Structures are given as structure tokens and as C-alpha cells.
Amino acid sequence: MAINYTWDCKTCNTYPTKGGKSNVVHKVYWRLTATDDTNVDDNGNNWTFTVYDIQVLNTDDLSSFINWSSLKESDVQGWVEAAIGEDRVKQLKDNLAAQIAKKVTPKSVKRQLAS
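Nothing here was measured: the structure is a model prediction, and the numbers come from that model.

Cut-offs used in this document
- Residue positions are given per chain, counted from 1 along the sequence in the order it is written.
- The predicted origin of the model limits local features to residues at a pLDDT of at least 70 and limits the giving and counting of side-chain atom pairs to 80 or more, whereas totals for whole chains, interfaces and linings rest on all residues.
- As a rule here, side-chain values come from all non-hydrogen atoms in the structure, and water together with hydrogens is ignored.
- Segments assigned H or I by DSSP are reported as helices when at least four residues long, segments assigned E as strands when at least two residues long, and all are numbered from the N terminus.
- For the radius of gyration, the atoms used are the C-alpha atoms, and the globule rule reads 2.2 Å times the number of residues raised to 0.38.
- Throughout, exposure labels follow a simple rule: accessible area from a 1.4 Å probe, protein chains only, divided by the maximum for the residue type, with under 20% read as buried, over 50% as exposed, and the rest as partly exposed.
- Contact definition: two residues touch when any of their heavy atoms are within 4.5 Å.
- In short, Shrake-Rupley with a 1.4 Å probe defines the accessible areas, and a residue's cover is counted only from the protein chains shown.
- In this count, Lys and Arg are taken as positive residues and Asp and Glu as negative ones, while His and the chain termini are left out.
- Every charge is mapped onto a representative atom, which is NZ of Lys, CZ of Arg, CG of Asp or CD of Glu.
- Pairing between strands is defined by DSSP: at least two bridges between the two strands are required.
- In this description, a nonpolar core means a group of buried Ala, Val, Leu, Ile, Met, Phe, Trp, Tyr and Cys residues linked to one another through side-chain atoms lying within 4.5 Å.
- Angles run from 0 to 180 degrees between N-to-C directions of axes, and those axes are lines fitted to C-alpha atoms, restricted for helices to the stretch in contact.
- By convention, a stacked pair of Phe, Tyr or Trp rings (six-membered ring in the case of Trp) has centres within 6.5 Å and planes under 30 degrees apart, an edge-to-face pair has planes over 60 apart, and any other such pair is tilted.

Engineer: Mind laying out the overall build of the chain, listing which residues take part and the relevant values?
Structural biologist: Helix and strand counts for the chain stand at two helices and three strands. Helices and strands appear in the chain in the N-to-C order β-β-β-α-α. Taken against the 2.2 N^0.38 rule, which gives 13 Å for 115 residues, the C-alpha radius of gyration of the chain at 19 Å runs more than 25% over that of a compact globule. Out of the 115 residues in the chain, the part that is buried amounts to 24%. Restricting the contact set of the chain to residue pairs at least 6 apart, pairs at least 24 apart contribute 63%. Surface accessibility of the chain: about 8,200 Å² in total, with carbon and sulfur atoms responsible for 45%. Averaging the coordinates of the 14 positive side-chain charges in the chain and doing the same for the 14 negative ones gives two points 6 Å apart.

Okay, structure coming up:
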């Protein structure tokens, strides 16, 4: 089972102005989705699970500020991952993989008898 992880860090709250800068990102609404590229559900879709949260960013130091017009999602993702921490990111990914594994090889399946 190979699992691919995809971040969505497109939605942000910004301060209109802070420290002489405009549109300073201070909060990110993120999603991390795990997709099993091997196993599929009964409808033929790859198994996926998503976790989401909000990450507040420290804006005390704006020395590496990036203008909103030049900001890329990968920049914001990097900030989110750094703020969350490497151990927590691994824990999130492990949890998503475990949820997929439970669906691929369930310990119990709910069934209903035909009338």
C-alpha cells in the first residue's frame, strides 16, 4: 500500500498591515489528505482520509516576509509544517495511514440480510 500525502494551505487570514507590510499571513486553514494509490473502495475509488486544522503563525519577525502577490502555497505549507513540527506532521501522516489500513483490512464489517 503506497500512500501519497497532499497539503491544502490556500486559505489564510491576513493582517491588512503590520510592521510596515501589507497582507501579512497570520492564520492558515490547512488540510492534509492521504490517498492510497493501490487499494480502492467498493465503488472503485482510492481510499482517502483527510485531517484539517487551523495554524496560527508567529508574525513577530517579518524579516523574511513574502508579498502576497508573490506568495506560493508551498511557502505557506512550509510555514505550517514548521509551526506544527516534524514529529506532529509524522504523527498526522501515520494516523491517516492507519485509518486507510483499517478500511483496506477491516476487523469487522457491517452487513444486512436481504428480506
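Engineer: For the pairing of strand β3 (residues 46–56), give the residues involved together with the corresponding values.
Structural biologist: Both strand β2 (residues 21–40) and β3 contribute to a ladder of 10 bridges, which runs antiparallel. Within the sheet, the bridge partner assigned to Lys 27 lies in β3 and is Val 56. The antiparallel pairing of β2 with β3 creates a hairpin that spans five residues between the two strands, and Gly 44 there sits at a positive phi of about 85°.

Engineer: For the nonpolar core, give the residues involved together with the corresponding values.
Structural biologist: Formed by 21 residues in total, the largest nonpolar core has its most connected members in Trp 7, Cys 9, Val 28, Trp 30, Val 76 and Val 80. Among the secondary structure elements, those contributing two or more residues to this core are β1 (3–18), β2, β3, α1 (73–84) and α2 (86–104).

Engineer: Before we move on, could you go through the sheet that holds β3 and cite the residues and values that matter?
Structural biologist: Strand order in this open sheet of three strands is β1-β2-β3, and the pairing throughout is antiparallel. Only two strands of the sheet have a single neighbouring strand rather than two, namely β1 and β3. On average, each strand axis in the sheet is tilted by 15° relative to the strand beside it, whichever way the strands run. Most of the contacts of α1 go to β1, to which it runs at about 95°, and overall it touches β1, β2 and β3.

Engineer: So, the packing of aromatic side chains: which residues are in play, and what are the values?
Structural biologist: What the rule picks out here adds up to one aromatic pair. Look at Trp 7 and Trp 30: their rings are 5.4 Å apart centre to centre, the planes differ by 55°, and that puts the pair in the tilted class. Of this pair, Trp 7 sits in strand β1 while Trp 30 is found in strand β2, placing the two residues 23 residues apart along the sequence. In this pair, the class of Trp 7 matches that of Trp 30, namely buried.

In short, the description is geometric, and any link to function would need to be established separately.
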